[in-house]
Amino acid sequence: MVAGPTYDALLRDTAVALTAAGIDNVRFEARLLLGRAAGLSVEQLVAHGGDPAPAGVVATMRELTGRRVRREPMAYILGEREFWGLPFKVSPAVLVPRPDSETLIETVLDLLPERERPLRILDLGVGSGCLLLTLLREYPNATGTGVDASPEAVVIAGENAGTLGVAPRLRLVVDDWRRAGWAGRLDGPFDLLVSNPPYIETSTIMTLMPEVANHEPRLALDGGPDGLEAYRIIAAAAPGLIVPGGWALVEGGEGQAIDISRIFSAAGMSPRPPRKDLGGVERVVAFQH
Ligand code: GLN
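Anyway, here's the lowdown on the structure attached to this text.

About the thresholds
- Residues numbered from 1 in each chain as written.
- Predicted model: local features only at pLDDT ≥ 70, side-chain atom pairs only at ≥ 80, totals over all residues.
- Heavy atoms only, no water.
- Helix = DSSP H or I, 4+ residues; strand = E, 2+ residues; numbered from the N terminus.
- Rg over C-alpha atoms; globule rule 2.2 N^0.38 Å.
- Buried < 20%, exposed > 50% of the residue type's maximum accessible area, 1.4 Å probe, protein only.
- Contact = heavy atoms within 4.5 Å.
- Polar contact = N/O pair within 3.5 Å; in protein donor to acceptor, adjacent residues only side chain to side chain.
- Near = heavy atom within 4 Å.
- Areas by Shrake-Rupley, 256 points an atom, 1.4 Å probe, with all protein chains shown as cover.
- Core = buried A, V, L, I, M, F, W, Y, C linked by side-chain atoms within 4.5 Å.
- Salt bridge = Lys/Arg side-chain N within 4 Å of Asp/Glu carboxyl O.
- Expected span 1.5 Å × (residues − 1).

1. Focus on the overall build of the protein
Thinking step 1. The helix and strand tally for the protein stands at 12 helices and 10 strands.
Thinking step 2. Whereas a compact globule of 289 residues would reach a radius of gyration of roughly 19 Å, the protein reaches 21 Å, a difference of no more than 12%.
Thinking step 3. Burial status across the protein gives 50% buried among its 289 residues.
Thinking step 4. Contacts in the protein between residues far apart in sequence, at least 24 positions, make up 68% of those at least 6 positions apart.

Structure (C-alpha cells):
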C-alpha cells in the first residue's frame, strides 16, 4: 500500500492552494484547517508532521481547503469565532463577530461602570449574540432582549447563550424593524439599546472582500442606498424604547459617525463624541435619552 501524504505535506499543499486563492496568513490558516481535519492541536501537528495522514483526514482536508479557496470565511468553516475572549458559535446566518465591535463593549463599560446594576438591555439585530451575550456576562444582574429578522440567527444566539450560561436572563425575538409596529411589540422600556445594524451602501457590497460580499448574510450588511437606512428606523424608535437618562450605542462604518449623530440628534437623542476602534475608525456613537 502506498502511504498517503504526511501532515507536513498536507500543510504545504494547503498553503500553496490558499496563496493561489489570494489569501494572506496561509501557514496559519493551513494549520487551523489541518488541526480541524485531523482533530489535532498545533503541538500535535508539529510532533507528527512526518507521519502519513490517514485517508479520512486527507479527504476532509481537501473539502475544507476547497471551501476556503472559494473564500468562505474561516469562522464559518471552523464554526466558531472568539469575541471579547468568549467562544461564539457562528454559521452563514450570522455576521462573523469582528474585533471592531469590541469597541462598543468598551464604550458601554465606560458609560455604565456599576456592574451590579440590573440593566435591561435591548440588542437590535442580535446575530450570533456577540454584543448582547458579552454584556450579560459583564453585567451579572442584567437582562437582555435580542431581536433578529432571521430565525436561523436567533437559534445561533440561543445556543451561544446556553454555552455562555446567560440563557436564563435572555429573551430572543424574531421580528423585523422594517415591519410596522415592531418597537411596540417589544417588552420595553430598556436602560440600554445596542446595535450593529447593516450599514454598507447597497451598491458597494460587491466591492467588499469576497468573504464578506459572497458569504456573509446580506440582511446583516445592506444598509440601503446610503447605508443609513437602519439608523433612521432605530433612531425614530429609540426615545420610545429607552428610559429617560438611558443610552443607545450603535456601531457604524468608516465616515458614518457624523451622519449617525445627526440622525439620532434629530430624533431627540443627545450624542457623545464617537469612539475610535483600534484601526482609528470612528466606530461607535453613544446617545443619551
Ligand atoms: N463591519 C462589516 C464590514 O465591514 C459590516 C457590518 C455591518 O454592516 N454591520 O464588512
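2. A short note on the side chain of Ser-128
Thinking step 1. With respect to the secondary-structure elements, Ser-128 resides in the loop between strand S3 (120-124) and helix H7 (130-138).
Thinking step 2. Here Cys-130 takes part through its backbone nitrogen, which lies 3.3 Å from a polar atom of the side chain of Ser-128.
Thinking step 3. For Ser-128, the residues in contact, after removing those within four places along its chain, are Phe-88, Lys-89, Val-90, Val-94, Pro-97, Leu-133, Ile-156, Ala-157 and Asn-160.

3. Considering the site of the ligand
Thinking step 1. In the vicinity of the ligand, the contacting residues are Leu-95, Arg-98, Asn-196, Pro-197, Pro-198, Tyr-199, Ile-200, Val-212, Ala-220 and Leu-221.
Thinking step 2. In the model, a nitrogen atom of the ligand is placed 2.6 Å from a nitrogen or oxygen of the Pro-197 main chain.
Thinking step 3. In this structure, Tyr-199 approaches the ligand through a side-chain N or O atom, which is 2.9 Å from a nitrogen atom.
Thinking step 4. Within the complex, the protein chains bury 87% of what would otherwise be the 300 Å² of accessible surface of the ligand.

4. Considerations on the nonpolar core
Thinking step 1. Judged by nonpolar contacts, the single largest core of 33 residues is most densely connected at Leu-124, Leu-241 and Phe-264.
Thinking step 2. Elements with a minimum of two residues in this core: S3, strand S6 (190-195), helix H11 (229-241), strand S7 (242-251), helix H12 (257-266) and strand S10 (282-288).
Thinking step 3. Counting residues per element, this core draws most heavily on H11, which supplies seven residues.
Thinking step 4. Excluding anything up to four places from it in sequence, Leu-241 contacts Leu-122, Trp-182, Ala-183, Leu-186, Pro-189, Phe-190 and Leu-193.
Thinking step 5. If you look at the next biggest cluster of nonpolar residues, it comprises 30 residues, including Leu-86, Ile-121, Cys-130 and Tyr-139.

5. Topic: the pattern of salt bridges
Thinking step 1. As enumerated under the stated definition, the model contains 20 salt bridges in all.
Thinking step 2. Two residues, Arg-68 and Glu-211, come together in a salt bridge whose shortest N-O distance is 2.9 Å. Taken together, the residues Arg-68 in helix H4 (residues 55-69) and Glu-211 in helix H9 (residues 210-215) connect sequence positions 143 residues apart. The pair formed by Arg-68 and Glu-211 is uniform in burial state, with each residue classed as buried.
Thinking step 3. Across the pair Asp-175 and Arg-185 runs a salt bridge whose closest N-O atoms are separated by 2.8 Å. With Asp-175 in the loop between strand S5 (170-174) and S6 and Arg-185 in the loop between S5 and S6, this pair connects stretches of sequence that are 10 residues apart.
Thinking step 4. Classification of Arg-185 as partly exposed rests on a relative accessible area of 39%.
Thinking step 5. Connected through salt bridges with shared partners, the residues Glu-29, Arg-68, Arg-71 and Glu-211 form a single ionic network.

6. A word on helix H1 (residues 7-20)
Thinking step 1. The end-to-end C-alpha separation of H1 is 20 Å, in line with the 20 Å expected for 14 residues at 1.5 Å each.
Thinking step 2. Taken together, the buried positions of H1 are occupied by Tyr-7, Ala-9, Leu-10, Leu-11, Thr-14, Ala-15 and Leu-18.
Thinking step 3. Contacts from the buried residues of H1 go to helix H2 (26-38), helix H3 (42-47) and H4.
Thinking step 4. Backbone geometry just after H1 places Gly-22 at a positive phi near 85°.

7. Considerations on unusual backbone geometry
Peptide bonds are mostly trans, and most non-glycine residues show a negative phi.
Thinking step 1. The step from Gly-188 to Pro-189 runs through a cis peptide bond, and the omega angle for that step is 0°.
Thinking step 2. By the element assignment, Pro-189 lies in the loop between S5 and S6.
Thinking step 3. Its identity is not glycine, yet Arg-71 carries a phi of approximately 65°, on the positive side.
Thinking step 4. Residue placement: Arg-71 occurs in the loop between H4 and helix H5 (74-78).
Thinking step 5. By relative accessible area, which is 17% here, Arg-71 ends up buried.

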